[in-house]
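Residue strings, one per chain:
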Amino acid sequence: MKNKKRLIVEEKWTYLLLLSVPFALIKTGFDFMNCLNVTPFPMGEFLMQTFISLMILVIGVSLFVKMNTYSAWLNPDHPRNIEK
């Protein structure tokens, strides 16, 4: 039976895109600690900063997945396993 992996990493530099996950978590914690220092908790500002962190995370992970999966449009040179 052949290996049916959908993600095949050719370029090792694409792992750097996964650094968006710890970056987003650290940024969210840092923003939470900064919001705790203000007397009335600024929920709107915290949610806005959390949304920015979430968007950084989503963009990094989605770019990693798109660069390492086969797509005739985005990544036609990707080595894929074809069973025939």
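Since the model is a prediction, treat every value here as computed from it, not as a measurement.

S.K.: What's the story with the overall build of the protein in this structure? I'm lost.
M.R.: Within the protein one finds two helices and zero strands. For the protein, the proportion of contacts with a sequence separation of at least 24, taken over those separated by at least 6, is 65%.

S.K.: Please clarify how helix H1 (residues 20-36) should be interpreted in this entry.
M.R.: Three or four residues apart is the spacing at which side chains of an α-helix point the same way, because the helix has 3.6 residues per turn. Taking 1.5 Å as the rise per residue, H1 with 17 residues should run 24 Å; its terminal C-alpha atoms sit 24 Å apart, in good agreement. Buried residues of H1: Ser 20, Ala 24, Lys 27, Asp 31 and Cys 35, and no others. All buried residues of H1 project into a common sector of 70° when viewed along the axis, lining one side. Exposed positions of H1 whose direction lies more than 90 degrees from the buried face are Leu 25, Ile 26, Phe 30 and Met 33. On the buried face of H1, the contacting elements are helix H2 (43-68).

The rules behind these values
- Residues numbered from 1 in each chain as written.
- Predicted model: local features only at pLDDT ≥ 70, side-chain atom pairs only at ≥ 80, totals over all residues.
- Heavy atoms only, no water.
- Helix = DSSP H or I, 4+ residues; strand = E, 2+ residues; numbered from the N terminus.
- Contact = heavy atoms within 4.5 Å.
- Expected span 1.5 Å × (residues − 1).
- Buried < 20%, exposed > 50% of the residue type's maximum accessible area, 1.4 Å probe, protein only.
- Arc of directions from axis to C-beta.

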